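# Chain and residue survey
Residue-level listing of the chains:
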Amino acid sequence: MFTGIITDVGSIRASEQRGDLRLVISCTYDMDNVAIGASIACSGVCLTVVDKGDGWFAIDASAETVLRTAAGMWDQGTRLNLERALKVGDELGGHIVTGHVDGVGQIVASETIGDSWKVTVAAPSGLAAYIAAKGSITVDGVSLTVNDIIDQADGSAHFMLNIIPHTAQMTTLDTLDVGRHVNLEIDVLARYLKRMEDIRAR
């Protein structure tokens, strides 16, 4: 489990296809305190540490993981939002995040408002019912609040976010170009509520 509060920004140092995709990720974590087998969320994807050294760790990303995440995010040189797994007693500063990507969205608008950025993300139709104004959503591993949402004629939805300077400085959300694909994880409570609603409607 995670909170969506990013604690480091790493970058992919090396990428090698060997059945699964072996990635070596640079970081500033003290890897002496990270066990082999530990979970680290990488831009919203919960992955297992399979090797480590001073200033880096390695993970294996399956074909399923690559298929269900944002295009290009596993390329060498790509920056990743990193978060270590939540420990019992840690402050829950964001919201409950599982590290399981539900879908891929795309930035369709981005503009500066004061010192912040107003960003509009297009979410696929399969996720639209789970996103609500003032609710929580995870974008590339970052816990954010939905400002507003507009349903589209094709069943998809456009939701709006406000990215404050601190969030931009501490994450990869410092680049918010239109067309960028992002990993989305809906709020876990919304997932269960929608499931219960669907069963009642049968």
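The structure reproduced in this document is the subject of the present report. Everything numeric in this text was worked out from a predicted model, so none of it was measured. (Residues numbered from 1 in each chain as written. Predicted model: local features only at pLDDT ≥ 70, side-chain atom pairs only at ≥ 80, totals over all residues. Heavy atoms only, no water.)

### Here's the deal with the side chain of Thr3
- Position of Thr3 among the secondary structure elements: in the segment before strand S1 (8-18).
- Taking relative accessible area as the criterion, Thr3 reaches 5% and is therefore assigned buried.
- Separated by 3.2 Å, the side chain of Thr3 and the backbone nitrogen of Ile5 make a polar contact. (Helix = DSSP H or I, 4+ residues; strand = E, 2+ residues; numbered from the N terminus. Buried < 20%, exposed > 50% of the residue type's maximum accessible area, 1.4 Å probe, protein only. Polar contact = N/O pair within 3.5 Å; in protein donor to acceptor, adjacent residues only side chain to side chain.)

### A word on the pairing of strand S4 (residues 45-53)
- In this sheet, S4 lies alongside strand S3 (residues 39-42) in antiparallel orientation, the contact comprising four bridges. Across the sheet, Ile40 pairs through a bridge with Leu47, a residue of S4.
- Taking the residues that link successive antiparallel strands as the turn, the S3-S4 hairpin has two residues, and the phi of Ser43 there is positive, at about 50 degrees.
- Pairing of S4 with strand S5 (residues 56-61), which is carried by four bridges, proceeds in the antiparallel orientation. Looking across to S5, one finds that Lys52 is bridged to Phe57.
- The hairpin formed by S4 and S5 contains two residues between the paired strands, and Gly55 there has a positive phi angle of roughly 85 degrees. (Pairing = 2+ DSSP bridges.)

### Digging into the sheet that holds S4
- Taken together, the six strands give a closed barrel; going around it, the order is S1-S2-S5-S4-S3-S6, and neighbouring strands pair in antiparallel fashion. Direction aside, neighbouring strands of the sheet carry axes that sit 45 degrees apart on average.
- Here three bridges tie S3 to strand S6 (residues 79-84), and the two strands are oriented antiparallel to one another. Pairing of Ala41 across the sheet is with Glu83, part of S6. (Axes fitted to C-alpha atoms, helices over the stretch in contact; angles between N-to-C directions.)

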